[in-house]
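Survey of secondary and tertiary structure
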Amino acid sequence: MTIINRSKPFILLIGFFISSLLLWISQASVVSSGDFNKDFFVTWSPTHVNTSNDGRLRTLKLDQESGASFSSIQTFLFGQIDMKIKLIPGSSQGTVVAYYMSSNQPNRDEIDFEFLGNVNGQPYILQTNVYADGIDNREERIHLWFDPTKDFHTYSILWNIHQIVFMVDQIPIRLYRNHAEKGVAYPRLQPMSVQASLWNGESWATRGGRDKIEWSKSPFVASFGDYKIDACVWKGNPSLCNGESNENWWNKNDFSSLTRVEKRWFKWVRKYHLIYDYCQDNGRFNNKLPKECSLPKY
């Protein structure tokens with residue numbers, strides 16, 4: 001008598017489902033191709049965007065006609081993004097080079113690097129900001145300890161369930177911790193794209209708008225290259241990105257705070273290069289500083 005194993009098709013179906021799920025999860029984390037043409041699309045003024053033949057270098061141009069910008073094709077929820085940037089040389093006052101992550105929603109979350117151009121001979125100012133649930137007013141500014149126009153330097157965003165770390169050449173320059181359980185807004189639910197732009201910010205960017213763009217020196221060109229995106233690709237399910245795993249390495253406890261060496265570097269930046277911190281601006285907030293200002297940074 002032949003015994004029919006009626007459970008076999010079911011077992012095979014379950015096996016296929018598990019294999020597919022594991023493949024899906026493993027694809028949730030992606031290391032980028034390094035090719036701007038494959039990972040990004042132009043969002044503003046294609047005539048002002050130039051990409052090398054191999055896709056490894058992209059420049060943005062600003063003149064009196066237009067600026068330019070690009071954005072990642074994918075959106076992400078947590079991860080680390082590294083971007084090498086070489087800024088506008090010479091008289092760059094009034095220009096703004098921005099590299100950031102944004103959810104592009106009305107109550108948007110955003111993590112900003114903004115490079116504020118300056119009069120020739122004066123240092124660039126790097127401004128960082130964090131939007132959470134549509135609210136910003138969290139600016140910090142530093143002077144960079146090198147000339148960012150001479151060569152490429154790496155600007156990184158580590159964004160996880162614990163904290164946001166802004167880094168320059170792997171040196172942490174700013175922290176924003178997840179204090180959501182204490183009533184402080186934190187970007188943790190909205191996926192964000194990686195974006196970059198070059199635009200006219202002369203109304204505010206240099207000495208509060210007193211130094212205007214010298215259009216006779218245009219076009220102004222900023223260069224981007226050798227980027228890396230290692231992040232959780234948004235697939236509509238936050239649980240795929242919130243957990244700790246080998247793929248979502250950034251959420252592991254090892255990345256819940258700075259290392260001892262990183263803390264020393266962070267304190268060095270704060271001591272010698274910080275020029276503005278919203279948490280020290282009592283006048284701006286009428287002596288009612290935002291709640292996170294009284295909570296631990298790490």
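Preceding this section is the structure that the text describes.
What you are looking at is a predicted structure, and each value in this text was computed from that prediction instead of being measured. (Residues numbered from 1 in each chain as written. Predicted model: local features only at pLDDT ≥ 70, side-chain atom pairs only at ≥ 80, totals over all residues. Heavy atoms only, no water.)

**Quick notes on the nonpolar core**
Short version of the rule: Residue types Ala, Val, Leu, Ile, Met, Phe, Trp, Tyr and Cys, when buried and joined through side-chain atoms within 4.5 Å, form a set referred to as a nonpolar core. Summary of the burial criterion: residues with accessible area below 20% of their type's maximum are buried, those above 50% are exposed, and those between are partly exposed, where the area comes from a 1.4 Å probe applied to protein chains only. The helix and strand labels rest on DSSP assignments: H or I over at least four residues marks a helix, E over at least two residues marks a strand, and numbering proceeds from the N terminus. In what follows, a contact means two residues having at least one pair of non-hydrogen atoms within 4.5 Å.
Core analysis: the biggest nonpolar cluster contains 65 residues, and Tyr-99, Phe-113, Phe-115, Tyr-155, Trp-159 and Phe-224 have the highest contact counts within it. Here the element with the most residues in this core is strand β15 (residues 220-233); it accounts for eight residues. Not counting chain neighbours up to four residues away, the residues in contact with Tyr-155 comprise Ile-81, Asp-82, Met-83, Ile-85, Tyr-99, Phe-113, Phe-115, Leu-144, Phe-146, Pro-148, Met-167 and Val-168.

**Comments concerning empty space enclosed by the protein**
Spelled out, the test is: As defined here, a cavity is a set of points on a 1 Å grid over the protein atoms alone where a 1.4 Å probe fits but cannot get out. A pocket is an open set with protein on both sides within 12 Å along at least five of seven lines, and residues line them when an atom is within 4 Å of a point. Grid points are joined across faces, edges and corners, and a volume is the space filled by probe spheres set on the points. Lys, Arg, Asp and Glu make up the charged group, whereas Ala, Val, Leu, Ile, Met, Phe, Trp, Tyr, Cys and Pro make up the nonpolar group; the residues left over, Gly among them, are polar.
Tallied over the full model, the rule gives two cavities of 30 Å³ or more. Contributing to the lining of the largest cavity are Glu-140, Arg-174, Leu-175, Tyr-176, Arg-177, His-179, Tyr-278, Cys-279, Glu-292, Leu-295, Pro-296 and Lys-297. The residue makeup of the lining of the largest cavity, split by class, is six nonpolar, one polar and five charged. What the second largest cavity holds in volume is close to 30 Å³.

**Quick look at the sheet that holds strand β7 (residues 95-102)**
Stated formally: Two strands make a pair as long as DSSP finds a minimum of two bridges between them. All axes here are fitted lines through C-alpha atoms, helices being fitted over the stretch that makes contact, and every angle between N-to-C directions spans 0 to 180 degrees.
The strand order across the open sheet built from eight strands is β2-β5-β14-β7-β8-β9-β10-β16, with neighbouring strands paired in antiparallel fashion. In the strand order of this sheet, the two ends are held by β2 (40-44) and β16 (274-277), each with one partner. The average angle at which neighbouring strand axes cross in this sheet is 15 degrees, direction not considered. The pairing of β2 with strand β5 (residues 68-72) spans four bridges and is antiparallel. If you follow Val-42 over to β5, its bridge partner there is Phe-70. Against the sheet, helix α4 (residues 260-272) touches β10 (140-143) and β16, its axis set at about 90 degrees to β16.

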